[in-house]
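A look at the structure
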Amino acid sequence: MMAAKISPRFLLNEIRGSVCFVQRRHRVKTKWAGSRPKVPATDLALQHFDATYGLQLGDLWPSVRIGMLSEKKFGALLNNFASDSDIVSSFRSQGCRDFISAARSTESQDPELHDHTAAPLSSNIQCFVFPRGDVSRFKPARPDSNGLLGYYLLDAASVLPALALDVQPGHSVLDLCAGPGGKTLALLQAQAVRMVSLANDLSGSRTARLRRTLQSYPPRELLTEDRVYITSSDGRQWRNKDEHKFDKVLVDVPCTTDRHSLTEEDNNIFKRSRTKERQRLPLLQMELLLAGIQATRPGGDVLYSTCSLSQLQNQCVVEQAVSIAQKEMDITVKVQNLSSFVQLFSHTFHFAPQPAVGELVLPHLCANFGPIYMCKLQRIS
């Protein structure tokens, strides 16, 4: 059977109808296209969290997701060095309460909690919050007659690591990643001028914020090198400083800062240009924690914390660091049980149920603090 003859003109017309030709002057290479639509880093973060936290948290993720995308709540950390005596009465008239003193009251009324709490609650740290479900905002703090601000606004859950560390008079303290200074300020409130604190942060901008914070809250006579000493160096290098050992070490590591990543484009670690930096975070976190462990004297405590929900940045980092400390440094580290400590604050914060290692504050619409992860370790040998 002979093939039917098809006119070349017909074929040309068919091709023209099915293929779109772009003139050379209108052709642009993809990588050079400045008008190419860009996906916001906040959208990339949400896509990543939906994929990972949806599996990790299961049925809890939808409520946590809504909480992180909603306006977060703040706490007002009272500055004991300021002289404004009207602040507390003003807070209480607005319906605020000091959630730490409320927890101390619970502790004193429950003998079981009192006997087994991992860290006695400092009577010097006060942090006021609005009631559950109330998203009212605190007014900016005003300076007193000495120029010191009366309180510091922060995520109230970020005070928990400072409380769990249990700083006592005479303790030497290392805040390994101190900027911007909220937790350092909470530690200073714990035992005022008798505490020796060395605050360190590699980031120049965070160190500058830390210095500004310390200039606005503690008195100048406290900011001497024998009491509070600020450095800007790589925290991982503390592994090589055997002459410096501390009673308490706080390791509040750089992380994906989940809530910030979902709501702010500025300095967002989910920008495509920062992908490798984000992927290297667990390694950096483990190295910082190992440095913190090595900087802790035998019998001392190290508190690891992040503001992320990620198991890779939380539980996995702790487990890997504990293993490496034992195998490669011959340092035995024991994970402390904070379950009783957490029970004291269950009326203020929403905690993840039964985490494998450490404790995790989950954002929730009725108590929209966090996320904050913390794990307390004791160096045995």
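Quick look at the structure, then. (Residues numbered from 1 in each chain as written. Predicted model: local features only at pLDDT ≥ 70, side-chain atom pairs only at ≥ 80, totals over all residues. Heavy atoms only, no water.)

**Some points on the sheet that holds strand β3 (residues 127-129)**
- Here 4 strands make up an open sheet; going across it, the order is β2-β3-β1-β4 and the pairing antiparallel. Two strands close off the open sheet at either side, each with one partner strand: β2 (97-98) and β4 (151-154). (Pairing = 2+ DSSP bridges. Helix = DSSP H or I, 4+ residues; strand = E, 2+ residues; numbered from the N terminus.)

**Quick word on unusual backbone geometry**
- Here the bond from G370 into P371 is cis, since omega is 5°, no more than 30 degrees from zero.
- With respect to the element layout, P371 can be found in the loop between β11 (359-361) and β12 (372-379).
- Not every positive phi belongs to a glycine, and D330 is a case in point at roughly 55°.
- Topologically, D330 is positioned in the loop between α13 (315-328) and β10 (333-335).

**A short note on the pattern of salt bridges**
- Going through the model one piece at a time under the given rule, you end up with 7 salt bridges.
- R65 is paired through a salt bridge with D50; the nearest N and O atoms lie 2.8 Å apart. Here R65 is found in helix α3 (residues 61-69), whereas its partner D50 is found in helix α2 (residues 41-57), with 15 residues between them in sequence.
- By relative accessible area, which is 27% here, R65 ends up partly exposed.
- The shortest N-O distance in the salt bridge between D301 and K248 comes to 2.7 Å. Taken together, the positions of D301 in strand β9 (residues 296-306) and K248 in strand β8 (residues 246-252) put the pair 53 residues apart, joining distant regions of the chain. Assigned by exposure class, D301 and K248 land together as buried. (Salt bridge = Lys/Arg side-chain N within 4 Å of Asp/Glu carboxyl O. Buried < 20%, exposed > 50% of the residue type's maximum accessible area, 1.4 Å probe, protein only.)

**Looking at the packing of aromatic side chains**
- Overall, the coordinates contain 14 aromatic pairs when judged by the stated rule.
- Residues F99 and F345 carry aromatic rings whose centres are separated by 5.8 Å and whose planes lie at 75° to one another, so their mutual orientation is edge-to-face. In this pair, F99 is assigned in helix α5 (residues 99-109) and F345 in the loop between α14 (339-343) and β11, connecting sequence segments 246 residues apart.
- Assessed through its relative accessible area of 1%, F99 is described here as buried.
- An aromatic cluster of three or more residues is present, and its members are F99, F341, F345, F349, F351 and F369. (Phe/Tyr/Trp six-rings, centres within 6.5 Å; stacked < 30°, edge-to-face > 60°.)

**Concerning the packing of α2 against α3**
- Running from N to C, α2 and α3 cross one another at 145°; their axes reach a closest spacing of 9 Å. The interaxial crossing formed by α2 with α3 has right-handed handedness. Side by side, α2 and α3 meet where L46, F49, D50, Y53, G54 and L57 of the first sit next to W61, V64, R65, M68 and L69 of the second.
- Within the contact of α2 with α3, the residues separate by chemical class into 8 nonpolar, 1 polar and 2 charged. (Axes fitted to C-alpha atoms, helices over the stretch in contact; angles between N-to-C directions. Left-handed = near helix turned anticlockwise from the far one by under 90°. Contact = heavy atoms within 4.5 Å. Nonpolar A, V, L, I, M, F, W, Y, C, P; charged D, E, K, R; others polar.)

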